[in-house]
Amino acid sequence: MPIQSESPTAPIIELRHVDKHFGDLHVLKDVSLSVDKGEVVVVIGPSGSGKSTLCRAINRLETIDAGEILIEGNPLPEEGRELAAMRAELGMVFQSFNLFAHMSILQNVTLGPIEVLGLSKAEAERRAMELLDRVGVASQANKVPAQLSGGQQQRVAIARSLAMRPKAMLFDEPTSALDPEMINEVLDVMVDLARQGMTMIVVTHEMNFARRVADRVVFMADGAIVEEGAPDAFFDQPQSQRARDFLDSIKGH
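Small disclaimer: the values here were computed from a predicted structure and weren't measured.

Undergrad: Can you lay out the overall build of the protein chain for me, pointing to particular residues and giving the numbers?
TA: The secondary structure content of the protein chain amounts to 10 helices and 10 strands. Relative to a compact globule of 253 residues, whose C-alpha radius of gyration would be 18 Å, the protein chain shows 18 Å and is just as compact. Along the first, second and third principal axes, the C-alpha set of the protein chain runs to 55 × 50 × 35 Å. The proportion of buried residues among the 253 residues of the protein chain is 52%. Across the protein chain, the fraction of contacts at a sequence separation of at least 24, relative to all contacts at a separation of at least 6, is 66%. Carbon and sulfur atoms form 48% of the exposed surface of the protein chain, whose accessible area is close to 12100 Å². Taken as two groups, the 25 positive and 36 negative side-chain charges of the protein chain have centres that lie 4 Å from each other.

What follows is the structure, given as structure tokens:
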């Protein structure tokens, strides 16, 4: 459908009838989802519901069995240089920080812009320092990751993704590996990003964040999207029994 790909109003990210199996396990079942420019979509649900697989499929860290994934109306490339270019446009922040242990914080953030975007070292470092300042860790630029707290490392991971000038950011449980006191320092950076208009898909267990920041909450269970809607409507009046049961199970946590 070439008309779709030429449309300036095509969603930034669109999944159409996506299916995925791990062996006999059906982890994504006919999942369709579209995310518009500047929209913050928070994906929640019980463990094993397919949330992380959904997130990883969007930039092809997981392949899919059926359906299609479109970025700005264009099908996700299968491999090679085109896929690398598309991945550069979709920032990804994982549970584990995935920083290069032997490199300084500054080197971690400048590597992609120099190697992939072709920035000069000076320009990459200037931009990296701006981003490290923005996420509150500029003073740590010359340290290596092991010298930073988990919360600081995750904020560096966010800066590293932003350095690639992504069109959208994917967050896969970005606070689940952190101690409780470090969670808010990472969520605060994400709130700031959302306020500045970054398109975001966030897989998280942080319900207060979902209620506060999401334009839309997507509830998944057993590999399928069961329900989606505005945060207040979803949390105050969930439509499905599955969502009601889930929200009851996490009250008081």
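Undergrad: Can you tell me about the nonpolar core, naming the residues and giving the values?
TA: Judged by nonpolar contacts, the single largest core of 50 residues is most densely connected at Ile44, Leu132, Ile158, Met169, Phe171, Met190 and Met200. The element that contributes the greatest number of residues to this core is helix α7 (residues 180-195), accounting for nine residues. What Ile44 contacts, discounting residues up to four positions off in sequence, is Lys51, Thr204, Met207, Val217, Val218, Phe219, Met220, Phe234, Phe235 and Phe246. Within the second largest apolar cluster, 27 residues are counted, among which are Val31, Cys55, Ile71 and Met92.

Undergrad: Let's hear about the pairing of strand β3 (residues 40-44): which residues, and what values?
TA: Burial analysis of β3 places five of its five residues in the buried class, which makes it a mostly covered element. A two-sided burial pattern is seen for β3, the buried positions comprising Val40, Val42 and Ile44 on one face and Val41 and Val43 on the other. In terms of strand pairing, β3 meets strand β8 (residues 199-203) through four bridges, oriented parallel. Looking across to β8, one finds that Val43 is bridged to Val203. Bridge analysis of β3 against strand β9 (residues 216-221) gives four bridges, and the strand direction is parallel. When the bridges of β9 are listed, Val43 appears paired with Val218.

Undergrad: Could you give an account of the packing of aromatic side chains, with specific residues and numbers?
TA: The tally for this structure, following the rule as stated, stands at three aromatic pairs. Here the aromatic rings of Phe219 and Phe246 are separated by 5.3 Å at their centres, their planes lie at 40 degrees, and the arrangement is tilted. Of the two residues, Phe219 sits in strand β9 while Phe246 sits in helix α10 (residues 241-250), which places them 27 residues apart along the sequence. Classification of Phe246 as buried rests on a relative accessible area of 7%. Taken together, the ring pairs in this structure connect Phe219, Phe234, Phe235 and Phe246 into an aromatic cluster.

Undergrad: Break down the side chain of Asp19 for me, citing the residues and quoting the values.
TA: Locating Asp19 in the fold gives a position in strand β1 (residues 13-22). Lys29 provides the closest opposite charge to the buried, unpaired Asp19, separated from it by 8.5 Å. Polar contacts involving the side chain of Asp19 include one to the main-chain amide nitrogen of Asp30, which spans 3.3 Å. Once you skip the residues sitting within four places of it in the chain, Asp19 turns out to touch His26, Leu28, Lys29, Asp30, Ile64, Asp65 and Ala66.

Undergrad: Let's hear about the sheet that holds strand β2 (residues 25-35): which residues, and what values?
TA: Strand pairing in a sheet relies on backbone hydrogen bonds, with the paired strands running either antiparallel or parallel. Pairing within the open sheet is antiparallel, and its four strands lie in the order β2-β1-β4-β5. The sheet is open, and its two edges are formed by β2 and β5 (74-75), each paired on a single side. Where β1 and β2 come together, seven bridges link them in antiparallel fashion. Residue Phe22 lies in a different strand from β2, and its bridge partner there is Leu25.

Undergrad: Kindly report on helix α4 (residues 105-115), identifying the contributing residues and their values.
TA: Three or more residues of α4 are buried, namely Ile105, Leu106, Asn108, Val109, Thr110, Gly112 and Pro113. Buried positions along α4 lie against α5 (121-134) and α6 (150-162).

Undergrad: Before we move on, could you go through α6 and cite the residues and values that matter?
TA: Its 13 residues give α6 an end-to-end C-alpha distance of 19 Å, which sits within 8% of 18 Å, the value for a rise of 1.5 Å per residue. Most of α6 sits inside the fold, with 13 of its 13 residues counted as buried.

Definitions and cut-offs
- Residues numbered from 1 in each chain as written.
- Predicted model: local features only at pLDDT ≥ 70, side-chain atom pairs only at ≥ 80, totals over all residues.
- Heavy atoms only, no water.
- Helix = DSSP H or I, 4+ residues; strand = E, 2+ residues; numbered from the N terminus.
- Rg over C-alpha atoms; globule rule 2.2 N^0.38 Å.
- Buried < 20%, exposed > 50% of the residue type's maximum accessible area, 1.4 Å probe, protein only.
- Contact = heavy atoms within 4.5 Å.
- Areas by Shrake-Rupley, 256 points an atom, 1.4 Å probe, with all protein chains shown as cover.
- Lys, Arg positive; Asp, Glu negative; His and termini not counted.
- Charge placed at Lys NZ, Arg CZ, Asp CG, Glu CD.
- Core = buried A, V, L, I, M, F, W, Y, C linked by side-chain atoms within 4.5 Å.
- Pairing = 2+ DSSP bridges.
- Phe/Tyr/Trp six-rings, centres within 6.5 Å; stacked < 30°, edge-to-face > 60°.
- Salt bridge = Lys/Arg side-chain N within 4 Å of Asp/Glu carboxyl O.
- Polar contact = N/O pair within 3.5 Å; in protein donor to acceptor, adjacent residues only side chain to side chain.
- Expected span 1.5 Å × (residues − 1).

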